[in-house]
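Observations on the model geometry
One-letter residues, chain by chain:
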Amino acid sequence: GSYTLEIIRDGVVIETVDASTRAHYILGRDPAAAHVHLPHPSVSRQHAVIQHRDSGGVWLMDLGSTHGTTINKKACPSRAFVALPPGAMVRLGSGSRLVTLLGPPDEAGASKAPGVPQPPPVRTRP
């Protein structure tokens with residue numbers, strides 16, 4: 001599926017990144033070392049990575065940053081992959097920019113295991 005990262009500052013989308021062309025994207029302050037550049041003193045040079053899994057889904061890992069990463073205002077563990085659902089708001093450090101993952105609209109049911117048939121709905125007689 002195709003994924004997009006939106007960089008938002010003060011409620012306005014300032015940058016859109018196609019997040020389906022690489023297996024992973026590094027977010028950070030250093031434009032030479034990060035695919036997604038977030039210039040803020042609290043953002044580490046290589047702060048976090050967003051990675052696609054072969055099984056589908058997108059994951060985020062904080063790369064041991066100084067000021068941490070939050071997903072939907074919850075702190076991420078350092079150096080551990082966390083599932084990143086479409087629509088999640090990611091903040092690196094105390095920066096004013098938010099990063100949102102937009103997923104393909106046809107994968108609304110992506111939480112279901114792929115290839116596993118779902119049982120038909122149970123019909124109740126009137």
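About the cut-offs
- Residues numbered from 1 in each chain as written.
- Predicted model: local features only at pLDDT ≥ 70, side-chain atom pairs only at ≥ 80, totals over all residues.
- Heavy atoms only, no water.
- Helix = DSSP H or I, 4+ residues; strand = E, 2+ residues; numbered from the N terminus.
- Buried < 20%, exposed > 50% of the residue type's maximum accessible area, 1.4 Å probe, protein only.
- Contact = heavy atoms within 4.5 Å.
- pLDDT = per-residue confidence, 0-100.
- Pairing = 2+ DSSP bridges.
- Core = buried A, V, L, I, M, F, W, Y, C linked by side-chain atoms within 4.5 Å.

Okay, the overall build of the chain next. Helix and strand counts for the chain stand at zero helices and eleven strands. The order of helices and strands in the chain, counted from the N terminus, is β-β-β-β-β-β-β-β-β-β-β. Residues counted as buried form 33% of the 126 residues belonging to the chain. Considering only contacts within the chain whose residues lie at least 6 apart along the sequence, 37% involve residues at least 24 apart.

Mean pLDDT for the chain: 87, with 85% of residues reaching 70 or above. Contacts of residues 107–114 to residues separated by more than four positions or lying in other chains number four contacts, the stretch itself having pLDDT below 50.

Overall, antiparallel pairing links the six strands, which are arranged 2-1-11-10-7-8 in an open sheet. The strands lining the two open edges of the sheet, one partner per strand, are strand 2 (12–18) and strand 8 (74–75).

Okay, the environment of G11 next. Structurally, G11 can be placed in the loop between strand 1 (4–9) and strand 2. Overall, G11 belongs to the exposed group, its relative accessible area being 73%. When the C-alpha atoms of G11 and S96 are compared, they prove to be 9.9 Å apart, with 85 residues separating the residues in sequence.

The subject of this paragraph is the pairing of strand 10 (residues 89–92). Residues V90 and L92 of strand 10 are buried on one face, while the alternating residues M89 and R91, pointing to the opposite face, are not. Across three bridges, strand 7 (residues 69–71) lies against strand 10 in antiparallel orientation. In the strand pairing of strand 10, T69 is matched with L92. Pairing of strand 10 with strand 11 (residues 97–102) involves three bridges; the strand directions are antiparallel. Pairing of M89 across the sheet is with T100, part of strand 11. Adjacent in sequence and paired antiparallel, strand 10 and strand 11 are bridged by four residues, among which G93 carries a positive phi angle near 60°.

Judged by nonpolar contacts, the single largest core of 22 residues is most densely connected at L5, L27, L38 and L84. When residues of this core are traced back to their parent elements, those giving at least two are strand 1, strand 3 (24–28), strand 5 (48–52), strand 6 (58–62), strand 10 and strand 11. Ignoring sequence-local partners within four residues, the contact set of L84 consists of I50, V58, W59, L60, I71, V90 and L101.

Let us now look at unusual backbone geometry. Backbone geometry at D10 places phi at a positive 55°, although glycine is not the residue there. Relative to the helices and strands, D10 is located in the loop between strand 1 and strand 2. One non-glycine residue, N72, adopts positive backbone phi at about 50°. As for its placement among the helices and strands, N72 is situated in the loop between strand 7 and strand 8. Taking the relative accessible area as the measure of exposure, N72 reaches 42% and is therefore partly exposed.

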